[in-house]
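Spelled out from the first residue to the last, the chains are:
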Amino acid sequence: MASAQISMYLPPDVNPSQAAIAYGCRALPKLNKELQSEDLLTRQKALMALCDLVHDPEHVYVAIDIGCLESLKALLKDTNDMVRLKTTEVLYIMATHNVGREGFLKYDVIHALSYLLHDPQAACRENLHLAYKHLAQVPSGAQGIVNSGLIPALVWKLQREEENIQELLLDTLAACLMEDATEALDSRLVPFLKEKLLSANNNIRSKAARTLVAIRATQLSLLWPSIPLEGKKQIWQYDVIPILVHLLKDKVKEVQANAAGALMYATVTTEGKYAALDAEAITPLLGLLFSPLSKARLNAIKALTMLAEAPEGRRFLQAHVPNFRALEKDDNEAVRRAALVAIKVVEWKP
């Protein structure tokens, strides 16, 4: 007669590196306690399990409510590489949810993460910058990063990080500069971006141009007009405009669109207008009027409108009014409105 025997081996679908999760409402409190354990393996298993759970915003809410963020902040200083790696992974996943971003601001996670800006593990730094990128997607998060005083450090890291992390840094900086560009300009961001505009990496070129747009579009312009004006001056002073004109003919259409956007703001000043005219910006901008990207068409129209405010630019563009009239029937309403304004400026007579 056969007898029942219990195997000494784990079932094939059990992950030995992950903590056993308690049932229901006890799951997260148990994991939070294990995060504080002195046993390394226990901490690592708890983090592995938590990485799965925090994809659900409801779990993120509970985790924050029971104090998991404080436990995770402590683990950011752990001497074990795997613990720091999984901790930053948990945090960046939490930052993809609104409730997680609110928790970051409430419990000062921004400052705690900054201690890993120079972590020897590139994966830790990448997770950190993913967290900052997601946090900066909301104005309060971007302002939180600015208020933390991290902008100079992020600008400095832009010159020294690996390319995939540079892309994340540019995303974060672009969002933060929409709130306040003061510290970035004081940290020589414009010459650093000038170098990135020449990168062989398509994404870095595109995001560097978009970050230049953010400097001039800062929301503080209504309160302190000198801040965006200083950004426009620096673009001209550091001779960035000829590079932007060159990028209007880039092989990547997104790069073209962002370069046109940067020129749109750079040509607000008289110096910027004539620097763009000297760099022969009008012809490639006219070419972008037929771009398949509505953003490129819109930015090109607005940049050409700026150049038409100079007598030399207006005279040149008068022969191209039919191009603007063709855009009066564009599918994009913003493009249609911009084309009407451009026609009025080009046809204006003193």
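Please read these numbers as outputs of a predicted model, since none were measured by experiment. (Residues numbered from 1 in each chain as written. Predicted model: local features only at pLDDT ≥ 70, side-chain atom pairs only at ≥ 80, totals over all residues. Heavy atoms only, no water.)

Any chance you could break down the overall build of the chain for me, citing the residues and the numbers?
For the chain, the helix and strand inventory stands at 23 helices and zero strands. Counting only residues that meet the buried cut, the chain has 51% of its 350 residues in that class. Once local pairs closer than 6 in sequence are excluded, the contacts in the chain between residues at least 24 apart make up 69%. Put simply, the chain shows about 17100 Å² of open surface, and 55% of that area lies on carbon and sulfur atoms. (Helix = DSSP H or I, 4+ residues; strand = E, 2+ residues; numbered from the N terminus. Buried < 20%, exposed > 50% of the residue type's maximum accessible area, 1.4 Å probe, protein only. Contact = heavy atoms within 4.5 Å. Areas by Shrake-Rupley, 256 points an atom, 1.4 Å probe, with all protein chains shown as cover.)

Any chance you could break down the packing of helix α3 (residues 57–65) against helix α6 (residues 98–106) for me, citing the residues and the numbers?
Their axes nearest at 8 Å, the elements α3 and α6 cross at an angle of 20 degrees. Relative to α6, α3 is oriented roughly parallel. Here the hand of the crossing between α3 and α6 comes out left-handed. Contact residues: Pro57, Val60, Tyr61 and Ile64 in α3; Val99, Gly100 and Gly103 in α6. Its residues assigned to classes, the contact of α3 with α6 comprises five nonpolar, two polar and no charged. (Axes fitted to C-alpha atoms, helices over the stretch in contact; angles between N-to-C directions. Parallel < 35°, antiparallel > 145°, perpendicular 65-115°, else oblique. Left-handed = near helix turned anticlockwise from the far one by under 90°. Nonpolar A, V, L, I, M, F, W, Y, C, P; charged D, E, K, R; others polar.)

Residue-level account of helix α23 (residues 333–347), with values.
What sets the pattern is the α-helix's 3.6 residues per turn: residues three or four places apart point alike. Helix length check: α23, at 15 residues, gives a terminal C-alpha distance of 22 Å against a target of 21 Å (1.5 Å per residue), a fit within 8%. When α23 is considered as a whole, its buried residues turn out to be Val335, Ala338, Ala339, Ala342, Ile343 and Val346. Taken around the axis of α23, the buried residues stretch over an arc of 145 degrees, which confines them to a single face. The inward-facing, buried residues of α23 contact α20 (294–308), α21 (311–317) and α22 (321–326). Sitting at the head of α23, Asn332 places a side-chain oxygen 2.9 Å from the backbone nitrogen of Ala334. (Expected span 1.5 Å × (residues − 1). Arc of directions from axis to C-beta. Polar contact = N/O pair within 3.5 Å; in protein donor to acceptor, adjacent residues only side chain to side chain.)

With reference to specific residues and values, describe the nonpolar core.
Met94 and Ile145 are the most contacted members of the largest nonpolar core, which has 109 residues in total. Tallying contributions element by element places helix α11 (residues 163–177) first for this core, with eight residues. With residues up to four places along the chain from it excluded, the contact list for Ile145 reads Ile110, Tyr132, Leu135, Ala136, Leu150, Ile151, Leu154, Thr172 and Cys176. (Core = buried A, V, L, I, M, F, W, Y, C linked by side-chain atoms within 4.5 Å.)

So what's going on with the environment of Ile343? Residues and values would help.
When you line up the elements, Ile343 lands in helix α23. Take Ile343: its relative accessible area is 6%, and that puts it in the buried class. If we skip the residues at most four places from it in the chain, Ile343 touches Val321, Phe324, Arg325 and Glu328.

Outline the side chain of Arg125, listing residues and values.
Examined against the element boundaries, Arg125 turns out to sit in helix α8 (residues 122–135). A distance of 2.6 Å separates the side chain of Arg125 from the backbone oxygen of Asp119, its partner in a polar contact. Contacts of Arg125, omitting those with residues within four sequence positions, involve Leu116, Leu117, His118, Asp119, Pro120, Lys157, Glu161, Glu162 and Ile165.

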